[in-house]
Amino acid sequence: MNFSDNLRIKLSKKYSINLESYVWDDELNDFILNIKLNFFEELIKTMAEVYKFGFNIGHCGLTSRYFALAFPKAKIAYGTLPILKGTKNSETGNHAWVINNDFILDTTLRLIIPENIATSIGYTTEKILDHVSARMFSEYELYSNSVLLREKNLHKYHEDLLNIK
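Residues numbered from 1 in each chain as written. Predicted model: local features only at pLDDT ≥ 70, side-chain atom pairs only at ≥ 80, totals over all residues. Heavy atoms only, no water.

Visitor: For this particular structure, what's the right way to read a negative patch on the surface?
Guide: Negative charge collects at one region of the surface, where Asp25, Asp26, Glu27 and Asp30 lie side by side. Counting through the fold element by element, Asp26 comes out in helix H2 (residues 26-33). Take Asp26: its relative accessible area is 63%, and that puts it in the exposed class. (Patch = residues over 30% accessible without salt bridge, like charges linked within 9 Å, V, L, I, M, F, W, Y side chains within 5 Å. Areas by Shrake-Rupley, 256 points an atom, 1.4 Å probe, with all protein chains shown as cover. Salt bridge = Lys/Arg side-chain N within 4 Å of Asp/Glu carboxyl O. Lys, Arg positive; Asp, Glu negative; His and termini not counted. Charge placed at Lys NZ, Arg CZ, Asp CG, Glu CD. Helix = DSSP H or I, 4+ residues; strand = E, 2+ residues; numbered from the N terminus. Buried < 20%, exposed > 50% of the residue type's maximum accessible area, 1.4 Å probe, protein only.)

Visitor: I would appreciate a short explanation of the environment of Ile57 in the present structure.
Guide: Mapped onto the fold, Ile57 is located in the loop between helix H3 (47-53) and helix H4 (60-70). Exposure remark for Ile57: the relative accessible area of 1% places this residue in the buried category. C-alpha of Ile57 to C-alpha of Leu7: the two residues are 50 residues apart in sequence and 9.0 Å apart in space.

Visitor: Help me understand the packing of aromatic side chains in this model?
Guide: Two numbers describe a pair of aromatic rings. These are the distance of the centres and the angle of the planes. One pass over the full model with this rule turns up seven aromatic pairs. The interplanar angle of 55 degrees and the centroid separation of 5.1 Å between the aromatic rings of Phe31 and Phe71 together place this pair among those described as tilted. Taken together, the positions of Phe31 in helix H2 and Phe71 in the loop between H4 and strand S1 (75-80) put the pair 40 residues apart, joining distant regions of the chain. The exposure class of Phe31 is partly exposed, given its relative accessible area of 40%. With a centroid separation of 6.4 Å and an interplanar angle of 50 degrees, the aromatic rings of Phe67 and Phe71 are classed as tilted. Each member of the pair, Phe67 as well as Phe71, is classed as buried. In textbook terms, an aromatic cluster arises when at least three aromatic residues are bridged by ring pairs, as seen for Trp24, Phe31, Tyr51, Phe67 and Phe71. Positioned above the aromatic ring of Tyr78, the side-chain terminus of Lys127 is 5.5 Å from the ring centre. (Phe/Tyr/Trp six-rings, centres within 6.5 Å; stacked < 30°, edge-to-face > 60°. Lys NZ or Arg CZ within 6 Å of the ring centre and 35° of its normal.)

Visitor: For this particular structure, what's the right way to read the nonpolar core?
Guide: The biggest cluster of nonpolar side chains holds 46 residues, and the ones touching the most others in it are Ile32, Met47, Val50, Phe67, Leu109, Tyr123 and Tyr143. The element best represented in this core is H4, accounting for five residues. Beyond its immediate stretch of four places on either side in the chain, Tyr143 contacts Leu37, Glu41, Ile44, Met47, Val50, Phe55, Asn56, His59, Leu62, Thr63 and Tyr66. (Core = buried A, V, L, I, M, F, W, Y, C linked by side-chain atoms within 4.5 Å. Contact = heavy atoms within 4.5 Å.)

Visitor: Would you explain the pattern of salt bridges in this entry?
Guide: Side chains that carry opposite charge are capable of pairing whenever their charged atoms lie near each other. Counting across every chain of the model gives three salt bridges. Among the salt bridges present, the one from Arg8 reaches Asp5, with a minimum N-O distance of 2.9 Å. In this pair, Arg8 and Asp5 are both assigned in helix H1 (residues 3-15), three residues apart and thus about one turn of the helix distant. Each of the two residues, Arg8 as well as Asp5, counts as buried. As a salt-bridge pair, Arg8 and Glu20 come within 2.8 Å of each other at their nearest N and O atoms.

Take a look at the structure:
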């Protein structure tokens, strides 16, 4: 079980919501874990490493950009998901996710949800990035920064991934 699974289970229990029925199937999971990262990343090279160490948690925007590269029709939505309130880098429930073929791909919780029921779970879209903007990366927002933080304080870093304030 990885950090995303642990966080999803913890949030499901806390809010009495069944998120397990929306977990990525094996085919989607394998596809995502094989996504290669760009040249900005010096310390980490694949999405499999990102998920292994929980670097996707608190980096939903960055992770969504990599998904947008891998899924040609994907758009990125920014908004809120109240159940994430108080989790790493989401003090108010702010969140980003991918919209692809009428489904939401949640990069933090490893969910695929039909877009037509997303609002009933709590997803509120405030902004959608167009095709070009969704695929632009910053040389400053990197998973490699998280690699360095994790190496400095392994226990605290992992604790923060599953902490809900």
